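Fold and contact review
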Amino acid sequence: MERRGCSYGVLVVEIERSVCSPSKAFKEDQLRACGQPVTDTASKSRFVVGSHVWVEDSDEAWMDGLVEEVNGEELVVNCTSGKKVTVNVSNAYPKDTESPRGGVEDMTRLAYLHEPGVLQNLKSRFMLNEIYTYTGNILIAVNPFQRLPHLYNNDMMRIYKGAEFGELSPHPYAITDRAYRLMINDRVSQAILVSGESGAGKTESTKSLMQYLAFMGGKQQAEGRSVQEQILESNPVLEAFGNAKTVRNNNSSRFGKFVEIQFDQNGKISGAAIRTYLLERSRVCQISDPERNYHCFYMLCAGPPEVCEKYKLGEAKSFHYLNQSNCIELNGMDDAKEYAETRRAMGIVGMSSDEQDAIFKVVAAILHLGNVEFSEGSEPDSSAPKDEKSQFHLKTAAELFMCDAQGLEESLCKRVMATRGESITKNLDPKAAALSRDALSRIVYSRLFDWLVNKINSSIGQDPESKILIGVLDIYGFESFKTNSFEQFCINLTNEKLQQHFNQHVFKMEQEEYTKEEIDWSYIQFVDNQEILDLIEKKPGGIIALLDETCMLRNSTHETFAEKLYQKFKDNPHFSKPKFSRSDFTVHHYAGNVTYQTDLFLDKNIDYAVNEHQVLLNASQCSFVSSLFPPVEESAKSTKFTSIGSSFKQQLQSLLETLSATEPHYIRCIKPNNVLKPAIFENSNVLQQLRCGGVLEAIRISCLGYPTRRTFYEFVNRFGILQPKVLSKSHDEITASKMLLEKANLVGYQIGKTKVFLRAGQMAELDALRTEVLGISAKKIQTKVRSFMSRKKYVQMRICATQLEAVCRGTLARRYYENLRRQAAALKIQTRYRMRQERNKYRDLWSASTTIQSGLRGMAARNKLRFFRKTKAAVIIQSQCRCHLARSRYVRLMKATIKTQCAWRGKMARRELRQLKMAAKETGALQAAKSKLEKEVEELTWRLQLEKRIRSDMEEAKTQEIKKLQSQLQESQQQVKDTEESLKREQEIAKAASEKAALVPEIRVDATLVNELTADNEKLKTLVTSLETKIQETELRFEETDKLREEWLKKATDAESQINELKNTMQSLREKFNSVEAENNVLRQQALKARHDNVPVLNMHRKSNLANGSLPGDEQTPHGTPMEFGRRSLIERQQESVETLINCVVENIGFSDGKPVAAVTIYKCLLHWRTFEAERTNVFDRLIQIFSSAMQKQDSNADLAYWLSNSSSLLIILQKSLKPAGSGITTPLKRTTTQTSFLGRMVFRASSITVDMDLVRQVEGKYPAFLFKQQLTAFVEGLYGMIRDNVKREVSSVLSLVIQAPRTAKAGLITDQDSYWKAIVNHLNDLLKILQENCVPAIFARKIFSQIFAFINAQLFNSLLVRRECCSFSNGEYVKQGLEELEAWCTQAKPEYAGSAWDELKHISQAVGFLVIFKKFRISYDEIISDLCPMLSVQQLYRICTQYWDDKYNTESVSEEVLNEMKTLVNDASGQANSENTYLLDEETSMPLSLDEIASSMDAKEFQNVVPPQELLENAAFQFLKS
């Protein structure tokens, strides 16, 4: 409540000076009220030459300038516009040159609280799209006439929720939140009063208020239609039937509205009620160009074709009530779309489709009724429908009203006059008939609107048990047009009453402020506008009373009424008569003088339905129409009327009683220009609205007290220069403030508990003294600087002279040295030239001699080369000849050798053929043995012990067979060796024979003997040929035999694999059969014992039972015989194993090899028990209960991290292991069965089958397994979110202190701000330690830290956007220092855990980097978006640039050109339909990890070396964990 006293009254300290050139007497009254003498001295002390002042201007209202000359009470001011004016000192106001370019958020902080200062502040903020400004606890809203979607969304609501008032930027949400908090905490009803002229944005402000209330107190109803939704959707319905386009506004509310939103004890909306005031009924029948009638008429005409055909409607311009103005359509408004939206909203608020049809039927009937024209009838002074067109519209209206058409015509053209004892029917002339038609249209529409309001109220419902409420008043502002009728009179009466209530509220706040600060305020006198209210509503004798009296007289006219007013109030100072008017009158309202035309006062004040209209519509066959005109009593059928003015006065009194019982909050809406366009700020127009908003009346209250109030810190900080010793730490702020005030010789001020209270004008005197001190100080500084600059210039000149002399001497020396160098160089050049000439001669002679010598030597070398080539050719010829002779001899020997080899190979081939035939016989024997083994396998597979014996027998058989084959192999190898040795011996014999034959001398050959030998040779050749043919045939047969053998091997391999598959299938079926038999036996025993409890059965295979120590004898036989007595059942053993596992893993059993033991143990057990392949099991439910209980420990990050580690590791294993059924990727869960035959072993070795001995194996999972995997995924997400949110809460509490650091540091409440960042780093270290100790996968750690850093980024960055004190140079340095600590932490934590967390701080790091730049005005927009802040949007940059202020070095923000470029881009983006609705950063609340990313983050082999818990290893049922 500290700011409450500095409310709207403080804002308007001196604003009255600009209103209609206020008189000098009023200014003197202000000076006297402030305790200042009205003398020249008092005036002169405020300004000196060089002072910046504001002066009045006829065009711009106010201009700023510089005082050039002071001549007594006259000031010569050179204005910034180029004008030079002379003004009186009383008409000039000081200008604060130190005010920020973007203005201040709360105008109570202005150094000079006067009219030009307030106007300039509003204009500065408006040009930066800052449309909201505080004045204490009152909000001024300037209509931007453009979309600013970033200001209104759920993100903004969440930011303002629970924030301290004044802590964030001005906003209607802040006003609403303050009202809501006061209502909840104090249990006192609240009211929010929204006022302003047409087009100022009252309706939109009211919508935002109601949206925030729905956000804060909304709750969902059972039927799905919430109260808050109905309240919000009532707005478009009432706007459709109560809003219209006026000269000043395209969507002007032509009625007042007060919405009472009721709340229950928990602060939730429980009910609501809507009250309406003074609907402008005359608009139904009469509009002026370029205005429009009510929106509903145009919506209905633009409705769907079937609707228009149903109601016989045409274009809107074809109806008389609509075509009186040329404005039919509105830019930016689609009537057809609005019709659909209105129908939807009507359905939400509880109107049935039949009721909606009836409503629009009445609206259509009014349009048709307006097209009925009248002409003179057959009788004198009578009337009748003019033509067939009028008859058509009359009949259509009667059809829509569902009444008699003839009766409707008579009710319009005739009037029944009731007299004593009889009634007389009077004909109406055409003009009177048209008035009767319009009267009927007005009364029908008025009652239709009242029915809509009542229907909405009954549909929403009120809570009779509600004790608290928040009322939102959206009512017309003060109106003053060229033509002001009865509506403007009632509207201005409303504003007079509300202004009185406002004055009382401001006076009350002033009193509370003074009481709180414990200063004297007893002299303040409250001045209100009661005299004007008495003039209007006093009874008897007021204007309304005289109007009612005149209306009751039959022959009275508006001139009679005006004459009564003139006579009654001729001496009243607040009433006057215009000079050139006979029936007008002027009332001097608080906001100015308004002249009213009384022409229609009497007609508009009469509120009764014509009896004929009442009877006709009451008899309507449409229940809806008849309900609008209920039957009236006989006494009410007389001509006695009800005064609208009196009724309105009673409604207004009831409203004020409601407001008096609530705590008020004010929103003043301002329309910046009359052309309804953005970026136009008309000073005169705004000043007029400030006047109409009650600013002047608030001035009269505020100026009597202490309008200027500064905290001790601000006062000492601004004026400490007047006495520098007060800035030392030896004086506290209160003592320093008193010393400064005594130094300034001020009187009339007061010292409060936390603030200095100054009278009007004293701030200017203090600033004048401050300016004088600054001027003297500036002169001293200039003197010292000039002296320093002169000495510096002298020293520089002396140094330059010395350097010049040195340069000259150096130049002369260099020239002399250059001449010496030239002479030496010339001698060297001559020497070199002569030497070169002699050297060239020597080289020519040497070259010629060398050439001759080389030619002679080359010729001798070529001759020698030719001799060498001839000799080499002769040698080659000789060698080739000798080679040919030797080769011919070798070929002959080779042929003989080959013949001999062929004979020997034929012999060996026949021998090998016999061996192959023997092998083929052995293969048949093996095939028979295999068939016999298959039969034996089928017989012996159901008993494990017998199978083991068979395996051992087969192993012995294999060993013997191997030995036999090895011996055969050795024999074959020996035969091969013998054959090779015989071949070698024959080759040696043949070689020796050939050598001997070569040595035999040539003898004479006997021809006979030669012939015999030749014949024998031929026989041998024939024999060799036959042997070769047989050998080829033998080779072919051998190849065929080899192929046949391979086919037999392949068939044997297939048969062997089929045998293995059949064995596995038989074993699986046997296990399933045994399990089913065991279950049946248990159920049979339960039935015998009459047990009704359900025993959970685990569907696990028999193999797991055998591994746990169960014997086949424990099961039922295939014939269903019962199990042996006393033996434990299979299910009981399974339950015991599950219980043992659950009891073990429910505790923290630690980690092994950096991996969680519990997760790996659970997986091993489930895999061994084949639970993943079970169709139904309760093991997964038991495991889920463990994780559910772990999630209940929400506050312990250590426990959550332990279970996150286990659940995520188990999830990773399941993701790698489980595969859908039928995927064909299943890996066997056991070793392949050992082959029992030699052929089988050969196939086994050839196929290279490997057994997967890894921990993680692919399994075909059933539905329970995949459901467990989904639930496990949900638990991982939940545990992850809990850990993240816990750390966010811890960090958030520290971040709030970081965000509040600029304000608390300014107030001197803290000294060690660095501790906040250290606390954040400590929280991060604690989390990192917990995650490392619990072996949480690094991918989760990286994502958690990334999201935490993103949260820090969003919180800090959003604080820059919504808190101006955070957007400063010093805070930028402070945050930048903290970010450096976070960056150091990221480096220390290593990328394995920190990951890309630092990248999440890009927004805030770039923003604070921009804040701490000194020369921002030199930076271009392209440099900002490309180099400095590439991550920031133009909306965010614009917000930062407009809010920036340098509290350390007083540097400027960006240049005006850059700011204007940003503003243009922001406005263009706001006008786009797909533009973003907020410039705030959102937080990511989901887990940004997919299941595949989690699974791929770790290798399954990492879990291989995990050691199971010792407790389970000691259990006989868990011996499988050792393997």
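A quick note: this is a predicted structure, and the numbers were derived from the prediction, not measured.

**Some details on the overall build of the protein**
Per the secondary structure count, the protein includes 47 helices and 30 strands. Out of the 1523 residues belonging to the protein, those deemed buried represent 47%. In the protein, of all internal contacts separated by at least 6 residues, the share reaching a separation of at least 24 is 73%. About 78900 Å² of surface is accessible on the protein, with carbon and sulfur atoms providing 52% of the total.

**Notes on the pairing of strand β11 (residues 256-263)**
Most of β11 sits inside the fold, with eight of its eight residues counted as buried. Burial of β11 is two-sided: the residues Gly256, Phe258, Glu260 and Gln262 facing one way and the residues Lys257, Val259, Ile261 and Phe263 facing the other way are all buried. Pairing of β11 with strand β12 (residues 269-277) involves eight bridges; the strand directions are antiparallel. Note that in β12 the partner of Phe258 across the bridge is Arg275. Remark: five residues form the turn of the hairpin made by β11 and β12, two consecutive strands paired antiparallel; Gly267 in that turn has positive phi of roughly 80 degrees. As defined by bridge partners, β11 adjoins strand β17 (residues 468-474) across seven bridges and the pair is classed as antiparallel. When the sheet's bridge partners are listed, Phe258 is paired in β17 with Leu473.

**Examining the pattern of salt bridges**
For the coordinates displayed, the defined rule picks out 36 salt bridges. For Glu130, the salt bridge is made with Arg125, and the minimal N-O distance between the two is 3.7 Å. By relative accessible area, Arg125 is classed as buried at 3%. The network of salt bridges with shared partners includes Arg254, Glu280, Arg283, Glu291 and Glu479.

**Topic: a positive patch on the surface**
Together, Lys907, Arg910, Arg914 and Lys1030 line one region of the surface with positive charge. Broken down by element, the residue count for the positive patch peaks at three residues, all from helix α28 (residues 762-940). On the basis of relative accessible area, Lys1030 is assigned to the partly exposed category, the value being 48%.

**Quick word on the side chain of Asn235**
Residue position: Asn235 is located in helix α8 (residues 227-242). Accessibility expressed as a relative area gives 5% for Asn235, which makes it buried. In this view, Asn235 contacts Lys207, Met210 and Lys257; residues no more than four positions away in its chain are not counted.

**Considering the packing of aromatic side chains**
Counted under the stated rule, the structure contains 38 aromatic pairs. Ring centres 6.3 Å apart and planes at 75 degrees place the aromatic pair Phe489 and Phe585 in the edge-to-face group. Remark: Phe585 occurs in strand β19 (residues 584-589) and Phe489 occurs in helix α16 (residues 486-517); sequence separation between them is 96 residues. Given the relative accessible area of 1%, Phe489 is considered buried. Its relative accessible area of 0% is what places Phe585 among the buried residues.

**Some thoughts on unusual backbone geometry**
Backbone geometry follows two general trends: most residues other than glycine have a negative phi, and most peptide bonds adopt the trans configuration. With an omega of 10 degrees, the peptide bond running from Asp289 to Pro290 counts as cis. Looking at the element boundaries, Pro290 is found in the loop between β12 and α9 (295-301). A cis amide bond links Lys539 to the next residue, Pro540, at an omega of -5 degrees. Counting through the fold element by element, Pro540 comes out in the loop between α17 (530-537) and α18 (543-552). One non-glycine residue, Asn129, lies in the positive phi region at around 65 degrees. Inspection of the secondary structure puts Asn129 in the loop between α4 (115-127) and β6 (132-135). Phi angles above zero are rare outside glycine, and Asn745 is one such case at about 60 degrees. Topologically, Asn745 is positioned in the loop between α27 (733-744) and β25 (750-751).

**Overview of the nonpolar core**
Soluble, globular proteins show a tendency: their nonpolar side chains are buried together. Ranked by size, the top nonpolar core spans 241 residues in total, and within it Phe241, Phe297, Leu408, Phe1172, Leu1382 and Trp1385 carry the most contacts. Tallying contributions element by element places helix α37 (residues 1263-1306) first for this core, with 16 residues. Each residue touching Phe297, except ones within four places of it in the same chain, is listed here: Val284, Leu322, Val363, Ile366, Leu367 and Tyr445. Ala562, Tyr566, Leu652 and Leu656 belong to the second-largest nonpolar core, a separate cluster that totals 50 residues.

**Details of the confidence of the model for the protein**
Here the protein shows a mean pLDDT of 79. Residues at 70 or above account for 81%. Contacts from residues 635-639, a stretch scored under 50 in pLDDT, to residues over four places away or in other chains number three contacts. Ignoring residues within four places in sequence, the model shows residues 1225-1253, a span with pLDDT below 50, making 47 contacts including any to other chains.

**Side note on the sheet that holds β6**
With respect to topology, seven strands assemble into an open sheet ordered β6-β7-β23-β8-β17-β11-β12, the strand pairing being mixed. Every interior strand has two partners, whereas the edge strands, β6 and β12, have only one. Within this sheet the neighbouring strands show an average axis-to-axis angle of 15 degrees, counted without direction. Running at roughly 160 degrees to β17, helix α7 (residues 202-217) makes contact with β8 (190-195), β11, β12, β17 and β23 (663-670) of the sheet.

The rules behind these values
- Residues numbered from 1 in each chain as written.
- Predicted model: local features only at pLDDT ≥ 70, side-chain atom pairs only at ≥ 80, totals over all residues.
- Heavy atoms only, no water.
- Helix = DSSP H or I, 4+ residues; strand = E, 2+ residues; numbered from the N terminus.
- Buried < 20%, exposed > 50% of the residue type's maximum accessible area, 1.4 Å probe, protein only.
- Contact = heavy atoms within 4.5 Å.
- Areas by Shrake-Rupley, 256 points an atom, 1.4 Å probe, with all protein chains shown as cover.
- Pairing = 2+ DSSP bridges.
- Salt bridge = Lys/Arg side-chain N within 4 Å of Asp/Glu carboxyl O.
- Patch = residues over 30% accessible without salt bridge, like charges linked within 9 Å, V, L, I, M, F, W, Y side chains within 5 Å.
- Lys, Arg positive; Asp, Glu negative; His and termini not counted.
- Charge placed at Lys NZ, Arg CZ, Asp CG, Glu CD.
- Phe/Tyr/Trp six-rings, centres within 6.5 Å; stacked < 30°, edge-to-face > 60°.
- Core = buried A, V, L, I, M, F, W, Y, C linked by side-chain atoms within 4.5 Å.
- pLDDT = per-residue confidence, 0-100.
- Axes fitted to C-alpha atoms, helices over the stretch in contact; angles between N-to-C directions.

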